[in-house]
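# Observations on chain architecture
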Amino acid sequence: MDRKYGSILSGICAGAVNGLLGAGGGMVLVPLLDLLTDIKEEEVFPTSISVILPICLVSLGFTAVNTPLPWSDALPYLLGGGIGGILAGIWGRKIPTVWLHRCLGILILWGGFRYLC
């Protein structure tokens, strides 16, 4: 598939999952970018991160129009997520891509199992 169309299809799928479920766009985007585009394997995760922020902001905007946002409930998660993001940014490039894929796969399976049970 042409990189342009693969990228567009990957973005649509990630945006739809993120918008419908409130999260999870990155879990869809990483395998799709790897499968449908010619992006180098070591660039898939950084590309996904750069795409997910705008998708999350769009989802946040649409949610905020219809629902009051519980910022006080979200603050501890935002702080922890920020710290985790910084640490991952520092050490993430040192982890082999194959292990990042395996960890993502395990997280997807674990999350799916938790939601089914």
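Residues numbered from 1 in each chain as written. Predicted model: local features only at pLDDT ≥ 70, side-chain atom pairs only at ≥ 80, totals over all residues. Heavy atoms only, no water.

Turning our attention to the overall build of the protein. Scanning the protein from N- to C-terminus turns up 5 helices and 0 strands. N-terminal to C-terminal, the α/β element order of the protein is α-α-α-α-α. Its C-alpha atoms give the protein principal-axis dimensions of about 40 × 30 × 30 Å. Across the 117 residues in the protein, those meeting the buried criterion constitute 18%. In the form shown here, the protein has an accessible surface area of approximately 8,500 Å², with 73% of it arising from carbon and sulfur atoms. If you average the places of the 7 positive and of the 7 negative side-chain charges in the protein, the two averages end up 4 Å apart. (Helix = DSSP H or I, 4+ residues; strand = E, 2+ residues; numbered from the N terminus. Buried < 20%, exposed > 50% of the residue type's maximum accessible area, 1.4 Å probe, protein only. Areas by Shrake-Rupley, 256 points an atom, 1.4 Å probe, with all protein chains shown as cover. Lys, Arg positive; Asp, Glu negative; His and termini not counted. Charge placed at Lys NZ, Arg CZ, Asp CG, Glu CD.)

The subject of this paragraph is the packing of helix 2 (residues 25–36) against helix 3 (residues 41–66). Interaxial distance between helix 2 and helix 3 falls to 9 Å at its minimum, and their mutual angle equals 140°. One element, helix 2, and the other, helix 3, form an angle in the oblique class. At the point where helix 2 passes helix 3, the crossing takes the right-handed sense. Contact residues: helix 2 offers Gly25, Gly26, Leu29, Val30, Leu33 and Asp34, while helix 3 offers Glu41, Val44, Phe45, Thr47, Ser48, Val51 and Ile52. Looking at side-chain class alone, the contact of helix 2 with helix 3 contains 7 nonpolar, 4 polar and 2 charged residues. (Axes fitted to C-alpha atoms, helices over the stretch in contact; angles between N-to-C directions. Parallel < 35°, antiparallel > 145°, perpendicular 65-115°, else oblique. Left-handed = near helix turned anticlockwise from the far one by under 90°. Contact = heavy atoms within 4.5 Å. Nonpolar A, V, L, I, M, F, W, Y, C, P; charged D, E, K, R; others polar.)

Okay, the packing of aromatic side chains next. Evaluated as defined, the whole model comprises 0 aromatic pairs. Looking at Arg102, its charged tip hangs above the ring of Trp99, at a distance of 4.7 Å from the centre. (Phe/Tyr/Trp six-rings, centres within 6.5 Å; stacked < 30°, edge-to-face > 60°. Lys NZ or Arg CZ within 6 Å of the ring centre and 35° of its normal.)

Any two packed helices are characterised by the angle at which their axes cross and by the distance between the axes. With their axes 8 Å apart at the nearest point, helix 1 (residues 3–21) and helix 2 run at an angle of 165° to one another. Viewed along their axes, helix 1 and helix 2 adopt a mutual orientation that is roughly antiparallel. As helix 1 runs across helix 2, the sense of the crossing is right-handed. Every residue of helix 2 that contacts helix 1 at Gly6, Leu9, Ser10, Gly11, Cys13, Ala14, Val17 and Asn18 is listed here: Gly25, Val28, Leu29, Leu32, Leu33 and Leu36. When grouped by side-chain class, the residues that make up the contact of helix 1 with helix 2 number 9 nonpolar, 5 polar and no charged.

Now for the environment of Gly80. In this structure, Gly80 sits in helix 4 (residues 71–91). When its relative accessible area of 41% is taken as the criterion, Gly80 is described as partly exposed. Taking the C-alpha atoms as reference points, Gly80 and Ile90, separated by 10 residues in sequence, lie 15 Å from one another.

We now examine the nonpolar core. Listed in full, the 10 residues of the largest apolar core are Ala14, Leu29, Val30, Leu33, Ile39, Val44, Phe45, Ile52, Ile55 and Leu104. Of all the secondary structure elements, the ones that give two or more residues to this core are helix 2 and helix 3. Of all the elements, helix 3 adds the most residues to this core, at 4 residues. For Ile39, the contacting residues outside a window of four places in its chain are Arg3, Leu33, Val44 and Thr47. (Core = buried A, V, L, I, M, F, W, Y, C linked by side-chain atoms within 4.5 Å.)

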